[in-house]
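The residues making up each chain are set out below.
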Amino acid sequence: MNILLVYPKMPYSFWSMDHLMKMYGKRYSYPPLGLLTVAAMLPTEWDKKLIDLNIGDELTDSDLDDADYVMVSAMNVQEPSCREIFARCARTSTKVIAGGPLFSHEFTRFTTVDHFVLNEAELTLPRFLDDLEKGCAKRVYGTPEMANVHTTPIPLWELADLKKYAYAVVQYSRGCPYMCDFCDVTALFGRKPRTKTAEQMIAELEAYGDIDQFGMVVFADDHLAGNKKVLKSELLPALIKWRQRKKLAVTFATQITINLADDPELMDLMLKAGFQNLFIGIETPDDEGLEACKKSQNLKRDMIENVKLLHRSGFVITAGFIVGFDTDKESIFQRQADFIQESGIVIAGVSVLKAPPGTELYTRMKQEGRLIEEFNFHESETNIIPIMDPDVLRDGYNRLLKTIYSPENIYQRTQNFLNEYKKDSLCNPVKITDIKLSVLARYTAIIIRIVYYLGIKGKHRGQFWRLIGWALKNQPGLVDAALGFGVWIYDLGKIYENHTALGHYDSHVAKIQPRNTIESAPKEALEEAMN
């Protein structure tokens, strides 16, 4: 059996980091974790080939002709690329197997797909493979149950050309205990966090070979501390010992909630284990909005001070923000900009509120007749008819992006961050004499690109050199951090240039049609998936 695993193209957006990859000399951020995990569950005797459309791989007719099946795993934002892949497969009569969040709740919209393996593959894929072998494979396989992640295999990294990726990626846990109404994590993975063992995680990391070949290891968890007790007692101590034994230079990144700032013990353990870059969903500085969307963990706290505390402790915070809540007033756009600037969050992504299928918000918007049909999950788009005047929301969103991504504001936020950041708090830093020559060569090449693209060729080179000069004078121990932020400054600057060249993002906020609602999968189709 010849299986062609195809990972769809991610659209250009804030999170695609296209310009950042140019600075790193890489093609894409990290390999397709989910698809390669599924590959490891397939029979060992099957021939498998990976095509990742994000690293320049070409999907040829010859590839499709040779394949018995094309397997696709996708997130919601990858739908346009998926439809192109499915159309190609239809023209060559190649059978398609699809899974992933994109199809979990609305698989009936994809009429040319032969088989759907939905929900968690540890449970549904074996049923499909067994029926396929017997010659009676059904179209849809699904389950309401949650998998035991202790059974999850190590992904088949050998199928990927790892040299083309900037980061490594692993997953420790699934599920989240919180109830944010716009988030589909609990719909997909439940509210009870399930964790792999420390031994599993070390084995996954070891399977990459030389982990220092990557600039960072991303723990692709929706909330790393969902099971805080196990995290503190098992994973973090194991990672600390592993780092010390391996003398690693690479650091870790993950997603976590703002209340990490309330737990000094957890902060200390994470830093010692190597966690440095953290994504936090701030969403909004407006308490009324936080309460309405059930983001309880962000309430009753000074979030700016929390962020600064995390910076002072040694973490680098990336954050997500949302506009378009029903409770938002016209002042929210300036309040968001002020929060981002004052907090020193250099890397800030802003989205218009959207309601993913399966969420509480989606159900409510459907009941109220406020869902929009045409929608592809880009951060500038929404499938919600807003309470705020659409023109006000569109203009305010565009003005907010123009403000926070302007070069002068990016550099000012970087200075604010460097004034707070305490690099010495990071995990037992490895001595420079212990760092591999290949790692030193990679970072040297990145610095050269930063200096060339920002300091020599860049339109805003004056501000770049002022930042470096300021760091030399005020924070000489953080000049490397200032240079390191150069790659993000370059990426955000390019987003700003594209934004101002267009005048606005191509946002569906400006194209709202009242009462143009959509229907989810028919009840009988969902019931069939659960059988």
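Residues numbered from 1 in each chain as written. Predicted model: local features only at pLDDT ≥ 70, side-chain atom pairs only at ≥ 80, totals over all residues. Heavy atoms only, no water.

Visitor: Tell me about the pairing of strand β14 (residues 348–352), and name the residues and values.
Guide: Each regular strand carries side chains that alternate between the two faces of the sheet. Among the 5 residues in β14, 5 count as buried, and that is most of the element. The alternating pattern of β14 places Ala348, Val350 and Val352 on one face and Gly349 and Ser351 on the opposite face, and all of these are buried. Bridging between strand β13 (residues 316–323) and β14 involves 5 bridges; their strand directions are parallel. Each residue of the ladder has a partner; that of alanine 319, found in β14, is alanine 348. (Buried < 20%, exposed > 50% of the residue type's maximum accessible area, 1.4 Å probe, protein only. Helix = DSSP H or I, 4+ residues; strand = E, 2+ residues; numbered from the N terminus. Pairing = 2+ DSSP bridges.)

Visitor: Tell me about the packing of helix α12 (residues 303–313) against helix α13 (residues 332–343), and please be specific about residues and values.
Guide: Their axes nearest at 9 Å, the elements α12 and α13 cross at an angle of 25°. By the angle between their directions, the pair α12 and α13 is classed as roughly parallel. Our pair here, α12 against α13, has a crossing hand that is right-handed. Taken together, the residues of α13 that come into contact with α12 (itself represented by Met303, Ile304, Val307, Lys308 and His311) are Phe339, Glu342 and Ser343. (Axes fitted to C-alpha atoms, helices over the stretch in contact; angles between N-to-C directions. Parallel < 35°, antiparallel > 145°, perpendicular 65-115°, else oblique. Left-handed = near helix turned anticlockwise from the far one by under 90°. Contact = heavy atoms within 4.5 Å.)

Visitor: Describe in detail the packing of aromatic side chains, supporting the description with residues and values.
Guide: Here the structure, examined in full by the defined rule, presents 19 aromatic pairs. Among the aromatic residues, those joined into a ring-pair cluster are Phe86, Phe103, Phe107, Phe110 and Phe116. The residue whose ring lies beneath lysine 138 is tyrosine 141, and the NZ or CZ to ring-centre distance is 5.3 Å. A cation over a ring is seen here: arginine 243 above phenylalanine 252, with NZ or CZ 5.2 Å from the ring centre. (Phe/Tyr/Trp six-rings, centres within 6.5 Å; stacked < 30°, edge-to-face > 60°. Lys NZ or Arg CZ within 6 Å of the ring centre and 35° of its normal.)

Visitor: Describe the pattern of salt bridges, naming the residues involved and giving the relevant values.
Guide: All told, the structure shown has 32 salt bridges when counted by the stated rule. Here aspartate 263 and lysine 228 are joined by a salt bridge, their closest N and O atoms 3.3 Å apart. Of the two residues, aspartate 263 sits in the loop between β11 (251–255) and α10 (264–273) while lysine 228 sits in helix α9 (residues 228–246), which places them 35 residues apart along the sequence. On the basis of relative accessibility, which here comes to 9%, the residue aspartate 263 falls in the buried class. The shortest N-O distance in the salt bridge between aspartate 286 and arginine 335 comes to 3.0 Å. Here arginine 335 lies in helix α13 and aspartate 286 lies in the loop between β12 (275–283) and α11 (287–292), a separation of 49 residues in the sequence. According to the relative accessible area criterion, aspartate 286 is buried, its value standing at 12%. The exposure class of arginine 335 is partly exposed, given its relative accessible area of 34%. Taken together, the shared-partner salt bridges connect Asp181, Asp326, Arg364, Glu368 and Arg370 into one network. (Salt bridge = Lys/Arg side-chain N within 4 Å of Asp/Glu carboxyl O.)

Visitor: Give me the lowdown on the environment of leucine 102, citing residues and values where you can.
Guide: Along the chain, leucine 102 falls in helix α5 (residues 101–104). Between the C-alpha atom of leucine 102 and that of glutamate 79, which follows or precedes it by 23 residues, the distance is 7.2 Å. Setting aside chain neighbours within four positions, we find leucine 102 in contact with Ala74, Met75, Asn76, Glu79, Cys82, Arg109 and Phe110.

Visitor: Now, about the pairing of strand β1 (residues 2–7): what can you tell me, with residues and values included?
Guide: The element β1 is largely enclosed, with a buried count of 5 among its 6 residues. Summarising the sheet, β1 and strand β2 (residues 47–52) pair through 6 bridges and their orientation is parallel. Within the sheet, the bridge partner assigned to asparagine 2 lies in β2 and is aspartate 47. Pairing analysis gives 4 bridges linking β1 to strand β3 (residues 69–73), with the strands arranged parallel. Across the sheet, residue leucine 5 finds its bridge partner in β3, namely methionine 71.

Visitor: Please give an account of the nonpolar core that cites residues and values.
Guide: Core analysis: the largest hydrophobic core is formed by 133 residues, its most contacted members being Ile211, Phe219, Leu239 and Met270. Residues within four places of phenylalanine 219 in sequence aside, it is in contact with Val170, Tyr172, Met201, Leu224, Leu235, Leu239, Phe252, Ala253, Thr254, Gln255 and Phe275. Grouped together as the second largest cluster of nonpolar side chains are 24 residues, Ile51, Ala67, Phe86 and Phe110 included. (Core = buried A, V, L, I, M, F, W, Y, C linked by side-chain atoms within 4.5 Å.)

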